[in-house]
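Listed below are the residues making up each chain.
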Amino acid sequence: LVSRQTQEADTIIRVHGAAIGGGTSTLVAGPCAVESYEQLRETAAALKEAGVRIMRGGAFKPRTSPYDFQGLGLEGLKLLREVADEFGLAAISEIVTPHDIETAARYVDIIQIGARNMQNFELLKAAGDVRTPVLLKRGLAATLEEFLLAAEYIVSRGNTQVMLIERGIRTYEKWTRNTLDISAVPILKQESHLPVLVDVTHSTGRKDIMLPCAKAALAAGADGIMVEVHPNPQAALSDAGQQFDIPEFRRFHERLLASGLFR
Ligand code: PEP
Ligand code: MN
């Protein structure tokens, strides 16, 4: 069902007046994790001013260590909804368990399924049973075939509103957090009609190369970019080293627009 052979035209996903896929570029931005009302408000104000329409923020954080900040849970989703509504933004947040999918659909406009859960098949089925758009992240070591089959799990249950996002894969390279697989973009675009985005934050983990990587993604045909922004990254409870502060985000955004690649 996700194949170009089944459907030639690009799938276009509409949320809150934003259209993802089909030739226009989308920017999804926001903090790694929802931490507080003030943190979200500051971010949302900057996003609104930049014309960004979709705000991200994790409430259920899949952390490598059980001792690290795990997110605010349902309280985080409520905060995200409240601030998104205040600024007229769409909200996206990661859901990690099947039984939270229906609840989440009440608070977010897009459900994110994280890299670690790309092959959590019960979660994929639950996301397929609602009608909220889903942003599916590529697994840390997933092949493109596995990635597309994970999307197929969702679409085959009736939820056709699925977006794919490349977020870097595990390789031996240590100078980036993960290896951004740019080749995934044109291949996924050829093989599938679903929108394809690129997460320049979790793939590179390096603020100094996020702009050229975002440009490369758009040049390769990506429908959008995801980037993390935090009003005070040094104090962030997760991913402190790789989130843009607001001036850095503004520069990134301005330069991306000036490149002419963002359509
Ligand atoms: C995220 O986007 O918040 C995240 C945890 O990313 P990933 O699942 O790609 O590691
Ligand atoms: Mn993060």
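Per an unreviewed UniProt entry, the recorded name for the protein chain is Bifunctional 3-deoxy-7-phosphoheptulonate synthase/chorismate mutase, and the organism is Paenibacillus cisolokensis.

Asks: An account of the overall build of the protein chain is requested, with residue identities and associated values reported.
Replies: Along the protein chain, the regular secondary structure elements total 9 helices and 10 strands. For the protein chain, the C-alpha radius of gyration of 17 Å lies close to 18 Å, the compact-globule estimate for 263 residues. By its C-alpha atoms, the protein chain is 45 × 40 × 40 Å across when sized along the principal axes. In the protein chain, which comprises 263 residues, the proportion classed as buried is 50%. Of the contacts made within the protein chain by residues no fewer than 6 positions apart, 67% connect residues no fewer than 24 positions apart.

Asks: Outline the site of ligand 1, supporting the account with residue identities and numerical values.
Replies: Contacts to ligand 1 come from Cys32, Gly58, Pro62, Glu94, Gly114, Ala115, Arg116, Lys137, Arg167 and His202. Here the shell around ligand 1 is composed, by residue class, of 3 nonpolar, 3 polar and 4 charged.

Asks: Please provide a residue-by-residue account of the nonpolar core, values included.
Replies: Across soluble globular proteins, you tend to see nonpolar side chains buried next to one another. Within the largest apolar cluster, 83 residues are counted, with the highest numbers of intra-cluster contacts made by Leu80, Leu136, Ala151, Met163 and Ile225. Sequence-distant contacts of Met163, that is, excluding residues within four places in its chain, are made with Ile13, Ile20, Pro133, Leu135, Leu136, Leu194, Pro195 and Leu197.

Asks: Give a description of helix α6 (residues 184–191) that names residues and reports values.
Replies: It helps to recall that an α-helix has 3.6 residues per turn; residues three or four apart then point in one direction. Buried within α6 we find Ala184, Val185 and Leu188. Down the axis of α6, the smallest arc covering the buried residues is 100°, so these residues share one side. If you follow the buried residues of α6, they end up packed against α5 (144–155), β8 (162–166), β9 (196–199) and α8 (210–219).

Asks: Which residues make up the pairing of strand β5 (residues 90–94), and what values do they have?
Replies: Taking burial as the measure, the 5 residues of β5 include 5 buried ones, the bulk of the element. Neither face of β5 is open: one carries Ala90, Ile92 and Glu94, the other Ala91 and Ser93, and all of them are buried. Bridge analysis of strand β4 (residues 54–56) against β5 gives 3 bridges, and the strand direction is parallel. Following the sheet pairing, Arg56 is matched in β5 by Ile92.

Asks: Just give me the short version of the sheet that holds β9, but keep the residues and values in it.
Replies: An order of β3-β4-β5-β6-β7-β8-β9-β10 is seen for the 8 strands of this closed barrel, with the pairing classed as parallel. Adjacent strand axes in the sheet meet at a mean angle of 25° when their direction is disregarded. The sheet contacts of α5 involve β7 (134–137) and β8, and relative to β8 the element is tilted by about 160°.

Asks: Tell me about unusual backbone geometry, residues and numbers included.
Replies: Phi at His16 takes a positive value of approximately 50°, unusual for a residue other than glycine. Relative to the elements of secondary structure, His16 occurs in the loop between β1 (13–15) and β2 (18–20).

Asks: Could you give an account of helix α1 (residues 37–50), with specific residues and numbers?
Replies: The first and last C-alpha atoms of α1 sit 20 Å apart over 14 residues, in line with the 20 Å expected at 1.5 Å per residue. Among all positions of α1, only Gln39, Leu40, Thr43, Ala44, Ala46 and Leu47 are buried. For α1, the arc enclosing every buried residue in end-on projection is 165°, short of the 170-degree limit, so these residues lie on one face. Facing away from the buried side of α1 by over 90 degrees, the exposed positions are Tyr37, Glu38 and Glu49. Looking at the packing, one finds that the buried side of α1 touches β3 (26–30), β4, α2 (74–87) and α9 (246–258). Once α1 ends, the next one or two residues include Gly51, with phi positive near 85°.

Asks: Would you mind going over the environment of Ser259 in detail, with residue names and values included?
Replies: When you line up the elements, Ser259 lands in the segment after α9. Residue Ser259 is classed as partly exposed on the basis of its 14 C-beta neighbours within 10 Å. Distance in space between the C-alpha atoms of Ser259 and Leu211 is 10.0 Å, their sequence separation being 48 residues.

The rules we used
Residues numbered from 1 in each chain as written. Chains lettered and ligands numbered in written order. Predicted model: local features only at pLDDT ≥ 70, side-chain atom pairs only at ≥ 80, totals over all residues. Helix = DSSP H or I, 4+ residues; strand = E, 2+ residues; numbered from the N terminus. Rg over C-alpha atoms; globule rule 2.2 N^0.38 Å. Buried ≥ 20, exposed ≤ 12 C-beta atoms within 10 Å, placed from the backbone. Contact = placed C-beta atoms within 7 Å. Near = placed C-beta within 6 Å. Nonpolar A, V, L, I, M, F, W, Y, C, P; charged D, E, K, R; others polar. Core = buried A, V, L, I, M, F, W, Y, C linked by C-beta atoms within 7 Å. Arc of directions from axis to C-beta. Pairing = 2+ DSSP bridges. Axes fitted to C-alpha atoms, helices over the stretch in contact; angles between N-to-C directions. Expected span 1.5 Å × (residues − 1).

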